[in-house]
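Per-entry structural report
Residue-level listing of the chains:
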Amino acid sequence: MTSGRSVLLLAHTGRPAALRSAQLVHESLSRAGLSIRMLKDEIEELATAGFDLDPVEPVEGVDAAKGVELVMVLGGDGTLLRAAELSRPAGAPLLGVNLGHVGFLAEAEREDLGETVRSVVDRDYVVEERMTLDVAVFHGGRDDGTAPVRTWALNEATLEKGEARRILETVLEIDGRPLSRWTCDGVVCASPTGSTAHAFSAGGPVVWPDVDALLVVPLSAHSLFARPMVVGPDAKVALEVVPETAPGVLWCDGRRMVELPAGARIEITRADTPVRLARLHRAPFTDRLVAKFGLPVAGWRGRGEHGR
């Protein structure tokens, strides 16, 4: 008999380490009385690889995380971003175990898997809410009379050129006023969580996750005024693909894509629905930056153990 508690377990089934870890997590949580859900296709992939998990509840679709206590993710940031598509509408917190490279969104490493499972069983974690972005796409501009395509992002919404050999022409608008026209490879609009992802690679600033803000970072822009910008959390950022120029494409978290003809308009605002992340460690964000990026801090003397 189970305790009535359930966990949705997602794994990067292309990684052998994730398959073995999924089996370990399933056994440990089941033994503690928790019921395990998994996506139907992942169960089949595990079985094909020789990992038959039983008992397990197969689920699929957007309601896969509905009613679960936690979504536990075994993989890298890409797997966690996939899991966020299920956890966000359900309001379930995400707990990532990094099996990738940097794994900035993950809370634990594979070598800490046993301790992480114990924390789940004991409910020894806190939940942190992260800002997400609402994204509306008007294919014919704001006044084309058609309903916009609506999507969202946890890390970033990125406008990119649609053709490799063509440059993108776009106008940036902030709070209803035009700011600059850029000839560029694209523009990243990121949340604070996404400031360490694509925006960081493009030269944008690192923003602490408790700061409410939106980032706008141009990609290889040919313009005098083409620096990364940080705007307020209630700002409306809009990007228009200049009419009669090359088309573009919109990517949200590298997962959801919308093609953009010339004349299309993107509006990006803070969303009402956050993504909830389960945190095992109360370490400062500074320590996470040092650990994940391998930053050199040798020689720091700082303050004593008791703040003296």
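A quick note: this is a predicted structure, and the numbers were derived from the prediction, not measured. For every chain, the first residue of the written sequence is number 1, and numbering continues from 1 along that sequence. Reporting in this predicted model follows two pLDDT cut-offs: at least 70 for local features of residues, and 80 or more for side-chain atom pairs to be given and counted; totals over whole chains, interfaces and linings ignore these cut-offs and use all residues. Calculation of side-chain values draws on the structure's entire complement of heavy atoms; hydrogens and water are dropped beforehand.

Thoughts on the overall build of the protein
Numbering of helices and strands runs from the N terminus, with a helix taken as a DSSP run of H or I at least four residues long and a strand as a DSSP run of E at least two residues long. Within the protein, the secondary structure is distributed over 6 helices and 20 strands. At 21 Å, the protein has a C-alpha radius of gyration in line with the 19 Å of a compact globule built from 308 residues. For the exposure calls, accessible area comes from a 1.4 Å probe over protein chains only, and a residue counts as buried if that area is under 20% of its type's maximum, exposed if over 50%, partly exposed in between. Taking all 308 residues of the protein together, the buried fraction comes to 48%. Working definition of accessibility: Shrake-Rupley area with a 1.4 Å probe, residue cover restricted to the visible protein chains. In the structure as shown, the protein presents an accessible area of about 15100 Å², 49% of it carried by carbon and sulfur atoms. The sign given to each residue is positive for Lys and Arg and negative for Asp and Glu; His and the chain ends receive no count. Lysine's charge is taken at NZ, arginine's at CZ, aspartate's at CG and glutamate's at CD. Of the side-chain charges in the protein, 34 are positive and 43 negative, and the distance between the mean point of each set is 4 Å. When we talk radius of gyration, it's over C-alpha atoms, and the globule rule is simply 2.2 Å times the number of residues to the 0.38.

Quick look at the sheet that holds strand β10 (residues 156-161)
Pairing in this open sheet of 6 strands is antiparallel, and the strands run β15-β14-β13-β10-β17-β18 from one edge to the other. Each edge of the open sheet carries a strand with a single partner, namely β15 (229-231) and β18 (256-260). Neighbouring strand axes in the sheet, compared pairwise and without regard to direction, differ in orientation by 15° on average. In this description, strands pair whenever DSSP reports at least two bridges between them. Strand direction decides the pairing type here: β10 and strand β17 (residues 248-252), joined by 5 bridges, are antiparallel. Along β17, the bridge assignment pairs Leu 159 with Leu 250. Note on method: axes are straight lines fitted to C-alpha atoms, helices fitted across the in-contact stretch only, with angles between N-to-C directions ranging 0 to 180 degrees.

Regarding the sheet that holds strand β11 (residues 168-174)
What the 6 strands build is an open sheet, ordered β9-β8-β19-β16-β11-β12; its pairing is antiparallel. Each of the sheet's edge strands pairs with one partner strand only, and the pair in question is β9 (149-153) and β12 (177-184). Pairwise comparison of adjacent strand axes, ignoring direction, gives a mean angle of 20° for this sheet. Pairing analysis gives 7 bridges linking β11 to β12, with the strands arranged antiparallel. Among the inter-strand pairings, Glu 173 is bridged to a residue of β12, identified as Pro 178.

Some points on the nonpolar core
Looking at soluble globular proteins, one finds that nonpolar side chains tend to be buried together. What is meant by a nonpolar core is a set of buried Ala, Val, Leu, Ile, Met, Phe, Trp, Tyr and Cys residues, joined one to another through side-chain atoms within 4.5 Å. Judged by nonpolar contacts, the single largest core of 30 residues is most densely connected at Val 135, Leu 172, Trp 182, Val 237, Leu 250, Leu 260 and Ile 268. What makes two residues a contact is simply this: any of their non-hydrogen atoms within 4.5 Å. Leave out the neighbours within four places in its chain, and Ile 268 touches Leu 133, Asp 134, Val 135, Ala 157, Cys 189, Leu 214, Ala 235, Lys 236 and Val 237. Formed by 28 residues, the second largest nonpolar core is a distinct cluster that contains Leu 19, Leu 29, Met 72 and Val 120.

Details of helix α1 (residues 16-31)
What a helix should span is 1.5 Å times the count of its residues minus one. The end-to-end C-alpha separation of α1 is 23 Å, in line with the 22 Å expected for 16 residues at 1.5 Å each. Here α1 has its buried residues at Ala 17, Ala 18, Leu 19, Ser 21, Ala 22, Val 25, His 26, Ser 28 and Leu 29. On the buried face of α1, the contacting elements are β1 (6-11), β2 (35-39), α2 (40-48), β4 (70-75) and α4 (113-121). Looking at the residues trailing α1, positive phi occurs at Gly 33, about 95°.

Focus: a negative patch on the surface
Together, Glu 111, Asp 112, Glu 115, Asp 122 and Asp 124 line one region of the surface with negative charge. Mapped onto the secondary structure, Glu 111 falls in the loop between β6 (108-109) and α4. Here a patch means residues that are over 30% exposed by relative accessible area and free of salt bridges, tied together within 9 Å if like-charged and within 5 Å if nonpolar (Val, Leu, Ile, Met, Phe, Trp, Tyr). Criterion for a salt bridge: a side-chain nitrogen of Lys or Arg within 4 Å of a carboxyl oxygen of Asp or Glu.

Here we look at the environment of Ala 298
Mapping Ala 298 onto the fold places it in the segment after α6 (285-293). Here the alpha-carbon distance between Ala 298 and Leu 239, two residues 59 residues apart in the chain, equals 43 Å.

Section: the pattern of salt bridges
A complete count under the given rule lists 20 salt bridges for this structure. Across the pair Arg 288 and Glu 107 runs a salt bridge whose closest N-O atoms are separated by 2.7 Å. Separated by 181 residues along the polypeptide, Arg 288 in helix α6 and Glu 107 in the loop between β5 (94-98) and β6 bring together distant segments of the chain. Judged on exposure class, the residue Arg 288 and its partner Glu 107 are both buried. In this structure, Glu 128 and Arg 279 form a salt bridge, with 3.9 Å as the shortest nitrogen-oxygen distance. Separated by 151 residues along the polypeptide, Glu 128 in strand β7 (residues 126-130) and Arg 279 in strand β20 (residues 275-279) bring together distant segments of the chain. On the accessibility criterion, Arg 279 (6% relative accessible area) is buried. Linked through salt bridges whose partners overlap, the residues forming this network are Glu 107, Glu 128, Arg 130, Arg 279 and Arg 288.

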